[in-house]
Amino acid sequence: MTNEKASPPGVDTTRPSIARVYDYYLGGKDNFAVDRQAAQLALQVTPDGPEAARACRGFLRRAVRYLAEEAGIRQFLDVGSGLPSQGNVHEIAHQVDPDARVVYVDNDPMALAHGRVLLADARTTTVVGGDLRQPEDLLAHPDVQRLIDFDQPVGLLLLAILHHLHDDDQPAAVARRLVDALPSGSYLAISHFHDPGAAHPDISQRARAVEKVFNETLGTGRWRTHEEIAGFFQGLELLPPGLVPLADWRPGPAPESYQTITHHTILGGVARKP
Ligand SMILES: C[S@@+](CC[C@H](N)C(=O)[O-])C[C@H]1O[C@@H](n2cnc3c(N)ncnc32)[C@H](O)[C@@H]1O
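Residues numbered from 1 in each chain as written. Predicted model: local features only at pLDDT ≥ 70, side-chain atom pairs only at ≥ 80, totals over all residues. Heavy atoms only, no water.

Where an unreviewed UniProt entry is consulted, the protein chain appears under the name SAM-dependent methyltransferase, with the organism given as Micromonospora cathayae.

J.: Looking at this structure, I do not really get the overall build of the protein chain. What am I missing?
T.: Within the protein chain, the regular secondary structure consists of 11 helices and eight strands. Taken over C-alpha atoms, the radius of gyration comes to 18 Å for the protein chain, in line with the 19 Å a tight globule of 274 residues would show. Overall, the protein chain is about 45 × 45 × 40 Å in size when its C-alpha atoms are taken along their principal axes. Expressed as a percentage of the 274 residues in the protein chain, the buried residues total 54%. Here the protein chain displays about 12,000 Å² of accessible surface, and carbon together with sulfur accounts for 50% of that area. Taken together, the 26 basic and 35 acidic charged side chains of the protein chain have centroids lying 2 Å from each other. (Helix = DSSP H or I, 4+ residues; strand = E, 2+ residues; numbered from the N terminus. Rg over C-alpha atoms; globule rule 2.2 N^0.38 Å. Buried < 20%, exposed > 50% of the residue type's maximum accessible area, 1.4 Å probe, protein only. Areas by Shrake-Rupley, 256 points an atom, 1.4 Å probe, with all protein chains shown as cover. Lys, Arg positive; Asp, Glu negative; His and termini not counted. Charge placed at Lys NZ, Arg CZ, Asp CG, Glu CD.)

J.: Can you walk me through the site of the ligand in this structure?
T.: In the region of the ligand, 19 residues are neighbours, and Tyr22, Gly80, Asp106, Asp131 and Leu159 sit closest. Interatomic distance of 3.4 Å between a backbone N/O atom of glycine 82 and an oxygen atom of the ligand. Considered on its own, the ligand offers 600 Å² of accessible surface; in the complex 97% of this is hidden by protein. Elements supplying a minimum of two residues to the shell around the ligand: helix H1 (18-25) and helix H3 (49-69). In terms of residue count, H1 provides more of the shell around the ligand than any other element does, three residues in total. Split by residue class, the shell around the ligand holds nine nonpolar, five polar and five charged. (Near = heavy atom within 4 Å. Polar contact = N/O pair within 3.5 Å; in protein donor to acceptor, adjacent residues only side chain to side chain. Nonpolar A, V, L, I, M, F, W, Y, C, P; charged D, E, K, R; others polar.)

This is the structure in structure tokens:
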């Protein structure tokens, strides 16, 4: 585990961070005692945190591969990119085209510091400090402007981040503002915590309980309904199979399978801007 004293500047080791709790669930080393405590509290309510994080990474890999290989996307804007993990976006995109460009955006100082180390030599890839809630600033950032050609299709990745925006942050308006800046033929990929409601009352109840723990420890976390998540794709063409449990989205040759709770509490989808 990371030594608290040697943490990068700006990192608060007294409060848990979303990026570091996620890193802990993924078996990473970039987390502190306070993150592990928060993660354990959530695990007491629902034991599937690590599996859910792995499902998110699996979806990320398949979505980016699809966009690069099948949709011909050569530039990616990944907002809420997190700490480097296995199968980062630029690694997947560069398997298809070494010249593909990737801009990572996050507001977590640890994610930024570690991302920059990983990418120290990357000609095609950069890490930008920015906040999804300020889409204008994000779009105007010099590194975003330098690497992304807004006349060419872009793959906008909002993966496991919109559920960290409160309703007051107007996540649908934020997503729309970013999509509005992209040309037609661009894509939006989303993964998001899901509350299955009356279809699965036990799982819904568990989602509400873990939502409470997340908000008490991390200050965010919103398990939205299928309809609410689908609203983020408004005006776009959702690709088959639609907005579905992560494991069901274009499974690869070795399909991933998860316990029922994970299956129903995170959804993913990819849509094209007509
Ligand atoms: C759960 S991680 C997801 C990482 C990656 N996208 C994935 O799917 O594996 C969420 C990331 O979003 C970042 N984040 C949360 N709120 C943010 C905001 N308002 N602006 C930018 N990044 C944010 C966190 O710091 C964290 O790194």
